[in-house]
Amino acid sequence: MASNKKYWKSVEELNENSSIVASLEQNEFNEGQAPESFLGDKETLESSSTTRRDFLKYVGFTTAAASLVACEGPVVKSIPYVVKPEEITPGIANYYASTIADGFDFANVLVKTKEGRPIFILPNKEAKGTTNARVNASVLSLYDSLRLQGPKIKGNTASWSDVNGKITAQLEEISKSGEKIVFLTGTLASPSTDALIAEFSKKYNNVSHVVYDAISESAALDAFQEVYGERALPNYKLEDAKTIVSIGADFLGDWQGGGFEAAYAQGRDVKAGKFSRHIQFEANYSLTGANADKRVVLKPSEQSYALINLYNAITGENLPSKKTPGDAAIKQAATQLIKAGNKAVVITGIQDKNAQLIALAINNFLSSEILDVTNVKYTRAGNDTEVASLVTELKAGKVGALITYNTNPVYTLANAADFKAGLSKTKLTVGFSTKEDETLSEVQFALPIPSYLEAWGDVKITANQYSLTQPTIKPLFDTKQFQDCLLAWTGQTVSYYDYLAAFAKSEILGGASWNKTLHDGFAKVDVTSLNGNSIDAVNAAKALKAETKTGEFELTLFSSTALGDSQQANNPWLQELPDPLTRASWDNYLLMSQADADKLEFTNPVQDNGAINGQYATITVNGVKIENVPVLIQPGQAQGTIGLSYGYGKTKALKEEMKVGVNAYAVAFGGTQIASIVNTGEEHLFACEQLQHTIAGRHDILRETGLEDYIHGNAKEWNPRPEVSLKHESVDVTSVDLWEDHDRSIGHHFNLNIDLTSCTGCGSCVIACHAENNVPVVGKHEVRVGRDMHWLRIDRYYTSEGDAGSANKKINQASSIDQADVYVALETPEAINPQVAFQPIMCQHCNHAPCETVCPVAATSHGRQGQNQMAYNRCVGTRYCANNCPYRVRRFNWFKYNNNDEFDFNMNDDFGKMVLNPDVTVRSRGVMEKCSMCIQMTQATILQAKNEGRVIEANEFTTACSSACATGSIKFGDINNSEDEVTVLREDKRAYRLLEFIGTDNNVVYQTKIRNTNEA
């Protein structure tokens, strides 16, 4: 049964004699505020001449004075509109359809604004938009006070007229001399911008456009272009897949621009009668591997051979290869792929053109309908060969002018020193960016561009959809769009908006309405099918085998869920977002297997407050050293491999608190990278939530079962209802109640439903909760000591591989052994490759809430609509409620996190405060807070329906987390409305509630996680 499976957050929990784990299970507050922090040091106290009587007098006076002052609310002065803008009604939100396209993240979004300020980003679901954590957090990056606020020439402030005049004159001079002019940009995916660059090229001679992606997909682009004749990426119809085999591709993360998670979840919907089988081969533990039905660990070099072996097993050919430890799993995967036929697909993230060709050849052999070569993706366009040639030409002084846009090569290039040397030999260097980053600090003209929330633009994320970007706020600084500058340099007087509108109407829309496209944020366009050429798999396999290197330690670089390619490194929401797998924040680190850690004497000792320590390493790759890299031991990491994430180690345009981690781009040489590792022995302190908020009784917290058991088994076995003893008889726990129940059938009664099968652990809901509810950022030290303020956290659990049924059989077979020993025997070997499950945890809004009964001032109470409510101005901070909460979801404001230089984040910044939601109170020191089930959103929905004189529609209620969830895992609604999804889901046979046996009668319902464990 599912309830017999043991789940663990850390290897420390497998030690049944661990006093640290026992302590964490009992203590809600891992580390309180030390008395010395507010009483002063011992010497000062001892030398004080104040008597005890005087001290008590002063305390009594100051307490009375403080109480008197506390009765007075802070005065906030408001300035009314003299002439109110027509589109703004104070207190009412406006929504604008737009598109983010920063070169790394691409998404169709809706922008929520209040009084003209963007405050929240959610997916435009009409355009099939999905948002990740960075897209949700991009609204805070708009208000970054360290953005470049005006143009500069050689470090000095200048005017735009002066800038454009000087650049135009130099461009004309360089053009006449016949020297090369180069645009170096990130992936644009903008038809109008490409057209403007083409017009620029006609005016000036010898112009080239080089596209550079910091995290490259050049190999996949090269392979697709060779076969299909267009530089694009294939799309994948994962919603129709029966079998998915991925070799080194984190397609539920940032791979090739992301956006696959919604289709993946649709393809694993038991209610719709389909559930794909997903097999993952990888070295690092990725989001995709964590969600796979079967995960096989392989070193990067072994993945190349595994791909060839998979080709051989499917086609019956004998391409040159080598044996790997995963060959048995490869043969099994091949059998399942053949069985699925055209509903099967093979995906690979190996950054080698020949590997990509072999993957395409496998899909062609299977006649895969999942591989979509018609509605292709344009989310990556970089060309590594052209970038390398550009650096060579720059260093040789063969480039007359270099114009960079939407890219930061001085930080992201492995050979950044050569690039910088080339800049000094170039007559004209111009950089466009939102910040004065590492590259703009080196160029002659540092030019600020607006955020996408302040700008116009167009984007083609996929071939069949044309999207628009529109400004949602007037530019905060003296910025100018790159496209407006191109128009000025080519002598055109038209604005970019006018150019864009005319271009879209004449070249794209084909008679469709511009205004409707702008309103919707997108328009569908016609696409043509691509015809593929034959693939020479034999030569591709030979080349791949020849290029593959092996070593004792092989390095895999990857983008972090929080920071991605680093563009938002100064965003405190993202810095404090825990990594889905390691649960660490404010750092990047070297991931290592337990076996390798033992060999090199690395440890991660757990402290009594749940914090984790580690040691620093020095790694060397291709002669380049990175020093002071902290090591974190990761269960499931392939032995002989290490992992390191991009996005950290920046030094420019960041607040001091954000200058964390090391720059992994320094060793991003491509291919299989062999590393050497030295343990320096110095200690590092992680900000890790891995063991904090530990809940006892893990077996009844997370439930899962196999697909076969779900379809053919008895639900009472894999999702048993808890029972209690009443009059010496076992009865259903819901039939016994210590409290007299209230009639909740009148009005609204809200429920939150979370499907653990479709939750990928991406963290977008966590950031959405921060944005909507003004959750403060507390910094690395506070997170480390257990004082994080996340209203919503995503717990990550490890468990042994195999379905619930097999786990139960193992336990039954070992019935003669002590239960604790059985668990250790089951779990300890699986630390090599454990399975992972994610579980979002927030306030459970219990109808019989333990917190409500212990609050001495009734600051927490239950509302008629099912929400557990907090009256902040009544709370006196006893924290009894948190101690009595079995779910560890209440957060205490140990400090004042706003207007406090000790916490120099967005709430201590005039620009950063502009993101605050005016509908939600900013809490003060000494107050308890937690998830409110977004009561401000539910009330807004009720008032809107009332004003419009209508009944609230089914599924109309939303929360921040449910609106941000790309997979639809989180659903919110009214169970008193029989047509709401949550009403049906509450009675589903997969439904259960956390710790239901204690009788809290939660309003948050979970759906048992299902894995497709069918090996046939």
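Residues numbered from 1 in each chain as written. Predicted model: local features only at pLDDT ≥ 70, side-chain atom pairs only at ≥ 80, totals over all residues. Heavy atoms only, no water.

Moving on to the overall build of the chain. Helix and strand counts for the chain stand at 33 helices and 43 strands. A burial count over the chain gives 60% of its 1016 residues as buried. Carbon and sulfur atoms make up 50% of the accessible area of the chain, which amounts to about 40,200 Å² in all. (Helix = DSSP H or I, 4+ residues; strand = E, 2+ residues; numbered from the N terminus. Buried < 20%, exposed > 50% of the residue type's maximum accessible area, 1.4 Å probe, protein only. Areas by Shrake-Rupley, 256 points an atom, 1.4 Å probe, with all protein chains shown as cover.)

The next point concerns the confidence of the model for the chain. As a general rule, the predicted coordinates of low-pLDDT regions are not to be interpreted in detail. Per-chain confidence: the chain averages 88 in pLDDT, with 88% of residues scoring 70 or above. Confidence drops under a pLDDT of 50 for residues 66-70, and excluding neighbours within four residues, the segment shows zero contacts in the predicted structure. Note on residues 803-830: pLDDT under 50 across the span, and 38 contacts to partners over four residues away in sequence or across chains. (pLDDT = per-residue confidence, 0-100. Contact = heavy atoms within 4.5 Å.)

Another point: the sheet that holds strand β2 (residues 106-114). Read across the sheet, three strands follow the order β1-β2-β3 without closing on themselves; strand pairing throughout is antiparallel. The strands lining the two open edges of the sheet, one partner per strand, are β1 (94-101) and β3 (117-123). Sheet twist, expressed as the mean angle between neighbouring strand axes with direction ignored, is 35°. Where β1 lies against β2, eight bridges are found, and the strand directions are antiparallel. Considered in β2, the bridge of Ala97 is made with Leu110. (Pairing = 2+ DSSP bridges. Axes fitted to C-alpha atoms, helices over the stretch in contact; angles between N-to-C directions.)

What follows is about the nonpolar core. Grouped together as the largest cluster of nonpolar side chains are 104 residues, with contacts concentrated most on Trp573 and Tyr1006. Beyond its immediate sequence surroundings of up to four residues, Tyr1006 is in contact with Ile754, Leu756, Gln839, Pro840, Ile841, Met842, Gln844, Arg990, Ala991, Tyr992 and Leu994. By size, the runner-up hydrophobic cluster in this structure holds 62 residues, among which are Ile244, Val245, Ala355 and Leu357. (Core = buried A, V, L, I, M, F, W, Y, C linked by side-chain atoms within 4.5 Å.)

Of note in this structure, Ala189 is not a glycine but carries a positive phi near 55°. Take Ala189: it is sitting in the loop between β6 (180-185) and α7 (191-203). In this structure, Arg888 takes a positive phi of about 55° despite not being glycine. Following the sequence through the fold, Arg888 ends up in the loop between α30 (880-883) and β38 (891-892). What makes Arg888 buried here is its relative accessible area of 8%.

Pairing in this open sheet of four strands is parallel, and the strands run β13-β12-β9-β14 from one edge to the other. Two strands close off the open sheet at either side, each with one partner strand: β13 (294-297) and β14 (344-348). Averaged over all neighbouring strand pairs, the angle between strand axes comes to 10°, with direction disregarded. Two strands pair when backbone bridges link them, and strand β9 (residues 243-247) and strand β12 (residues 277-282) are joined in this way by five bridges, in the parallel orientation. In the strand pairing of β12, Thr243 is matched with Arg277.

Let us now look at the pairing of strand β40 (residues 970-974). On any regular strand, side chains alternate: one points to one face of the sheet, the next to the other face. With four of five residues buried, β40 is to be regarded as a mostly interior element. Pairing geometry for strand β33 (residues 750-755) and β40, over five bridges, is antiparallel. Paired with Leu752 across the strands is Phe972, a residue of β40.

Within the fold, Glu386 resides in helix α14 (residues 384-395). Judged by its relative accessible area of 37%, Glu386 is partly exposed. Through-space distance from the C-alpha of Glu386 to that of Val210 is 6.4 Å; in sequence the pair is 176 residues apart. Among residues more than four places away in sequence, those in contact with Glu386 are His209 and Val210.

Within a pair of aromatic rings, the relevant descriptors are the distance that separates the centres and the angle that separates the planes. With the rule as written, the count across this model stands at 28 aromatic pairs. The interplanar angle of 40° and the centroid separation of 4.6 Å between the aromatic rings of Phe200 and Tyr204 together place this pair among those described as tilted. The pair formed by Phe200 and Tyr204 is uniform in burial state, with each residue classed as buried. Both rings, one in Phe895 and one in Tyr897, keep their centres 6.5 Å apart while their planes meet at 70°; by these two values the pair is edge-to-face. Each member of the pair, Phe895 together with Tyr897, is buried. By the ring-pair criterion, three or more aromatic residues cluster together here, those being Phe183, Phe200, Tyr204, Tyr405, Phe432, Phe482 and Trp489. When the ring centre of Trp894 is taken as origin, the NZ or CZ atom of Arg787, which lies over that ring, is 5.0 Å away. The ring centre of Tyr710 lies 4.4 Å from the NZ or CZ of Lys989, which sits over that ring. (Phe/Tyr/Trp six-rings, centres within 6.5 Å; stacked < 30°, edge-to-face > 60°. Lys NZ or Arg CZ within 6 Å of the ring centre and 35° of its normal.)

Moving on: helix α20 (residues 537-547). Looking at α20, one finds that the buried residues are Ala537, Ala540, Ala541 and Leu544. Projected down its long axis, α20 shows its buried positions confined to an angular sector of 100°, all on one face. Turning to α20, the residues buried within the fold contact α11 (300-315) and α13 (353-365). (Arc of directions from axis to C-beta.)

The next subject is empty space enclosed by the protein. Over the atoms a probe the size of a water molecule is rolled, and this reveals where empty space is left. Within the structure shown, the criterion is met by 14 cavities of 30 Å³ or more. One number sums up the size of the largest cavity: a volume of about 980 Å³. Those elements that provide at least two residues to the lining of the largest cavity are β1, α5 (133-142), α15 (409-412), β17 (428-433), β19 (457-462) and α17 (482-489). Among the residues forming the lining of the largest cavity, the class breakdown is 19 nonpolar, 22 polar and nine charged. Looking at the lining of the largest cavity, you find at least three residues from each of domain 1 (152-216 + 382-456 + 474-506) and domain 3 (549-688). (1 Å grid on protein atoms, 1.4 Å probe; cavity = no way out; pocket = protein on both sides within 12 Å on 5 of 7 lines; lining within 4 Å. Points joined across faces, edges and corners; volume = space filled by probe spheres on them. Nonpolar A, V, L, I, M, F, W, Y, C, P; charged D, E, K, R; others polar. Domains from an automatic or database assignment.)

The next point concerns the environment of Gly551. Relative to the assigned elements, Gly551 resides in the loop between α20 and β22 (554-559). Residue Gly551 is classed as buried on the basis of its relative accessible area, which comes to 18%. Each C-alpha atom of the pair Gly551 and Ser676 lies 9.2 Å from the other, and the pair is 125 residues apart in sequence. Those residues within four positions of Gly551 in sequence are excluded, and the remaining contacts are Lys299 and Ile674.

Next up on the list: the packing of α11 against α13. Their axes nearest at 10 Å, the elements α11 and α13 cross at an angle of 20°. Here α11 lies roughly parallel to α13, going by the angle between them. Our pair here, α11 against α13, has a crossing hand that is left-handed. Of the residues in α13, those in contact with Leu307, Ile308, Leu310, Tyr311, Ile314 and Thr315 of α11 are Ala355, Ile358, Ala359, Ala361, Ile362 and Phe365. Its residues assigned to classes, the contact of α11 with α13 shows 11 nonpolar, one polar and no charged. (Parallel < 35°, antiparallel > 145°, perpendicular 65-115°, else oblique. Left-handed = near helix turned anticlockwise from the far one by under 90°.)

A few words on the state of the cysteines. A full pass over the atoms with the stated rule returns zero disulfides. Here Cys759 stays unpaired: no disulfide links it, and the sulfur of Cys765, its closest cysteine neighbor, is 6.5 Å away. Judged by its relative accessible area of 7%, Cys759 is buried. Sulfur of Cys881: no disulfide; nearest cysteine sulfur belongs to Cys855 and is 6.3 Å away. A relative accessible area of 8% means that Cys881 is categorised as buried. (Disulfide = S-S within 2.5 Å.)

For Asp352, the position within the fold is in the loop between β14 and α13. Of the buried charged residues, Asp352 lacks a salt bridge, with Lys353 as the closest side chain of opposite charge at 9.1 Å. A distance of 2.8 Å separates a polar side-chain atom of Asp352 from the backbone nitrogen of Asn354. In this view, Asp352 contacts Ala219, Leu544 and Glu547; residues no more than four positions away in its chain are not counted. (Lys, Arg positive; Asp, Glu negative; His and termini not counted. Salt bridge = Lys/Arg side-chain N within 4 Å of Asp/Glu carboxyl O. Polar contact = N/O pair within 3.5 Å; in protein donor to acceptor, adjacent residues only side chain to side chain.)

As for its placement among the helices and strands, Gln336 is situated in helix α12 (residues 327-340). When the C-alpha atoms of Gln336 and Lys242 are compared, they prove to be 9.1 Å apart, with 94 residues separating the residues in sequence.

It is worth spelling out helix α31 (residues 935-947) at this point. A rise of 1.5 Å per residue sets the reference length of α31, with its 13 residues, at 18 Å; its end C-alpha atoms lie 18 Å apart and thus fit the reference within 8%. Here α31 has its buried residues at Gln936, Met937, Thr938, Thr941, Ile942 and Ala945. If you follow the buried residues of α31, they end up packed against β33, α25 (764-773), α32 (960-964) and β40. Once α31 ends, the next one or two residues include Gly949, with phi positive near 65°. (Expected span 1.5 Å × (residues − 1).)

Now for the side chain of Thr348. Locating Thr348 in the fold gives a position in strand β14. A distance of 3.0 Å separates a polar atom in the side chain of Thr348 from the backbone oxygen of Ile247.

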